[in-house]
Amino acid sequence: MYYAALSQEGGGHRAGRRDLAAGLGAAGVEELRARWQPLLAARLAPLAAGREVDLVELARELSGTVVCALLGSGADPCEVARAAAEAAAASVRSHLPGPRRPRAEAAAVRAAARLRDLLATPGAPAGGPVGPQDGSVASRARAGEAAENGGAADRPGPADGAPAAMLAVAAVNTTVAALPRAVAWCADAGLWDQATDEALRPALAAELLRVTAASPLLPRVAAADGTVGGCPVRGGDRLLLVARHAADAHRRDPDARRPAEPALSRLVFGVGAHACPGARLASVQLADVLAALAPYRPVVTRARVDRGAALPGWRTLCVRAAS
């Protein structure tokens, strides 16, 4: 899904791809952490008082905050997250097999337009400016790289249009699908000891992302004739790749002390031209969430599946500190 936002052509789109790649690199992710870490501390504070926290709402706000910062949008992060979720769900409904659904197609167009309008909202992203320049985290990161290399960069500014909306849809829906499921798995499997260990935590985050696989099915088209698992495939055949099976998630539970090799765990983010540039961000963000939750060793108290979402996930998943 991220790849779609990066595969456009033309000078403007090439600049957008460079901005996004910089924003999702090491420097860009560190700047984004400065936005989400205070948010995590504030939203998880009720756990200390014995109250519940809905991790789905937290994931929505986190993902909306990241999107607005990456794109330089002044929109409300929670509104952006809700709009991105509706745009994804409406798009899925409009592409279901069977007869055409003109009403569903029209609803998808309206949802996408609403998301684009929201992202075009001017002003500083939520959390205020982190650096001295204006514009998005992505464009600031690229400007910093250019300065380090003795070159010049275009003036930072907010992203716009369809690529920005595609990025928002991808970032919000994968985060809202993966983060609550990963935390629930950690709680159910009793992995808080690993989450507490600073040395093990990054491997635990990678393992949880491997087994949850936010995009469990990946549509592809065969480029040439061949065989897959002994089955003949012809060029042009449409394929559905089960990402969880490729990453061995159906046979191997997460364990930071005996993690899967990186080449295997990274399969959930795609490979080659289809590799997700947000892999670093997803891993660092989940590790930060686990670090913030670990002192409470939370347990799941309530959960309700979201049957209308574009990706498998929860509508509500509440946790409370273990007594």
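Given the structure is predicted, the values throughout are model-derived calculations rather than measurements.

The rules behind each value
- Residues numbered from 1 in each chain as written.
- Predicted model: local features only at pLDDT ≥ 70, side-chain atom pairs only at ≥ 80, totals over all residues.
- Heavy atoms only, no water.
- Helix = DSSP H or I, 4+ residues; strand = E, 2+ residues; numbered from the N terminus.
- Buried < 20%, exposed > 50% of the residue type's maximum accessible area, 1.4 Å probe, protein only.
- Contact = heavy atoms within 4.5 Å.
- Areas by Shrake-Rupley, 256 points an atom, 1.4 Å probe, with all protein chains shown as cover.
- Lys, Arg positive; Asp, Glu negative; His and termini not counted.
- Salt bridge = Lys/Arg side-chain N within 4 Å of Asp/Glu carboxyl O.
- Pairing = 2+ DSSP bridges.
- Core = buried A, V, L, I, M, F, W, Y, C linked by side-chain atoms within 4.5 Å.
- Axes fitted to C-alpha atoms, helices over the stretch in contact; angles between N-to-C directions.
- pLDDT = per-residue confidence, 0-100.
- Parallel < 35°, antiparallel > 145°, perpendicular 65-115°, else oblique.

## Description of the overall build of the protein chain
Part 1: Secondary structure assignment for the protein chain yields 13 helices and seven strands.
Part 2: Every one of the 323 residues in the protein chain was classed for burial, and the buried ones make up 46%.
Part 3: Here the contacts in the protein chain between residues at least 6 apart in sequence split such that 68% fall between residues at least 24 apart.
Part 4: A total of about 15900 Å² of accessible surface is found on the protein chain, and carbon and sulfur atoms cover 54% of it.

## Looking at the side chain of Arg-181
Part 1: Within the fold, Arg-181 resides in helix H8 (residues 161–188).
Part 2: As a buried residue without a salt bridge, Arg-181 has its nearest oppositely charged side chain in Asp-188, at a separation of 10 Å.
Part 3: Apart from residues no more than four positions distant in its own chain, Arg-181 is found in contact with Thr-212, Ala-213, Ala-214, Pro-312, Gly-313 and Trp-314.

## Description of the pairing of strand S7 (residues 314–320)
Part 1: Summarising the sheet, strand S1 (residues 53–54) and S7 pair through two bridges and their orientation is antiparallel. Of the residues in S7, the one forming a bridge with Val-53 is Val-319.
Part 2: In this structure, strand S6 (residues 299–305) lies alongside S7, joined through six bridges in antiparallel fashion. Bridge pairing in S7 places Arg-304 opposite Thr-316.

## Regarding the nonpolar core
Part 1: Leu-115, Leu-119, Trp-192 and Leu-290 are the most contacted members of the largest nonpolar core, which has 72 residues in total.
Part 2: Of the residues forming this core, the biggest block, 15 residues, is contributed by H8.

## Things to note about the sheet that holds S1
Part 1: Strand order in this open sheet of three strands is S1-S7-S6, and the pairing throughout is antiparallel. Every other strand in the sheet has two partners, leaving S1 and S6 as the edge strands with one partner each.
Part 2: Across the sheet, H8 lies against S6 and S7, angled at about 40° from S7, the strand it touches most.

## Observations regarding the pattern of salt bridges
For side chains bearing opposite charge, pairing can occur when the charged atoms are close.
Part 1: All chains considered together, the criterion is met by 15 salt bridges.
Part 2: Across the salt bridge formed by Arg-43 and Glu-61, the nearest N and O atoms sit 2.7 Å from each other. Here Arg-43 is found in helix H3 (residues 26–44), whereas its partner Glu-61 is found in helix H4 (residues 55–71), with 18 residues between them in sequence.
Part 3: Overall, Glu-61 belongs to the buried group, its relative accessible area being 15%.
Part 4: Glu-207 is paired through a salt bridge with Arg-210; the nearest N and O atoms lie 3.0 Å apart. One end of the pair is Glu-207 and the other is Arg-210, both in helix H10 (residues 201–212) and three residues apart, which spans about a single turn.
Part 5: Overall, the relative accessible area of 1% leaves Glu-207 in the buried class.

## Points about unusual backbone geometry
Part 1: Positive phi outside glycine occurs at Ala-213, with the angle close to 45°.
Part 2: Note that Ala-213 resides in the loop between H10 and strand S2 (217–221).
Part 3: Even without a glycine there, the phi angle at Arg-297 is positive, about 45°.
Part 4: Judged by relative accessible area, which is 37%, Arg-297 ranks as partly exposed.

## Here's the deal with the confidence of the model for the protein chain
Part 1: Averaged over every residue, the pLDDT of the protein chain is 85; the share at 70 or more is 82%.
Part 2: This stretch, residues 1–13, has a pLDDT under 50; its non-local contacts, to residues over four places away or in other chains, come to 26 contacts.
Part 3: Considering only residues more than four positions removed or in separate chains, one finds that residues 129–134, a stretch of pLDDT under 50, has 11 contacts.

## Some thoughts on the packing of helix H6 (residues 102–119) against H8
For any two helices packed against each other, one specifies the crossing angle of their axes together with the interaxial distance.
Part 1: Two elements in contact, H6 and H8, have axes separated by 9 Å at closest approach and are oriented at 100°. Here H6 lies roughly perpendicular to H8, going by the angle between them. Of the residues in H8, those touching H6 at Leu-115, Arg-116 and Leu-119 are Gly-161, Ala-162, Ala-164, Ala-165, Ala-168 and Val-169.

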